[in-house]
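A look at the structure
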Amino acid sequence: MADWPPKKNAAFTWYFFIRDADGDPVAGATALDVESSGDGAVFADVAAVEADEGEGLYSCAISAAEMNFDVVALICKTSTAGAKTAAQVIYTATRQLTDLAFPTTTGRSID
């Protein structure tokens, strides 16, 4: 199971919707092209292939190397007529919420 926030230098699956001008999901979008930019660098194609999850929802696996930045910007373009580019900015962290849970045997818990 995924934890929060997205972890720096760890694989991540990005889920996103492709929408039309009215904001409606676009099912069956073609020629998807996911690109990433780490810490403001030039956008480059991600290594993984995009997957159609159905009903206008898509996903793409982002590798650990592509997530090894403090800020990761993701965009997905498509050649489908009327479809808009999906975009998201992810702020990564070196520790996640589960990293903050200490066993009571360490003496650092509240128990």
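Figured I'd write up the structure that's included with this text. Nothing here was measured: the structure is a model prediction, and the numbers come from that model.

A word on the pattern of salt bridges. Evaluated as defined, the whole model comprises two salt bridges. With its nearest N and O atoms 3.0 Å apart, the salt bridge here joins D70 to K8. Placement of the pair is D70 in the loop between β5 (57–62) and β6 (71–77) and K8 in the segment before β1 (12–17), with a sequence separation of 62 residues. The class for D70 is partly exposed, based on a relative accessible area of 44%. Linking K77 and E35 is a salt bridge whose minimum nitrogen-to-oxygen distance equals 3.8 Å. In this pair, K77 is assigned in strand β6 and E35 in strand β2 (residues 33–38), connecting sequence segments 42 residues apart.

What follows concerns the nonpolar core. Ranked by size, the top nonpolar core spans 18 residues in total, and within it W14, F16, I18, V34, I62 and C76 carry the most contacts. Broken down by secondary-structure element, the contributors of at least two residues to this core are β1, β5, β6 and β7 (86–91). Each residue touching W14, except ones within four places of it in the same chain, is listed here: V34, Y58, S59, C60, I62, L74, I75, C76, A86, A87 and Q88.

Definitions and cut-offs
- Residues numbered from 1 in each chain as written.
- Predicted model: local features only at pLDDT ≥ 70, side-chain atom pairs only at ≥ 80, totals over all residues.
- Heavy atoms only, no water.
- Salt bridge = Lys/Arg side-chain N within 4 Å of Asp/Glu carboxyl O.
- Helix = DSSP H or I, 4+ residues; strand = E, 2+ residues; numbered from the N terminus.
- Buried < 20%, exposed > 50% of the residue type's maximum accessible area, 1.4 Å probe, protein only.
- Core = buried A, V, L, I, M, F, W, Y, C linked by side-chain atoms within 4.5 Å.
- Contact = heavy atoms within 4.5 Å.

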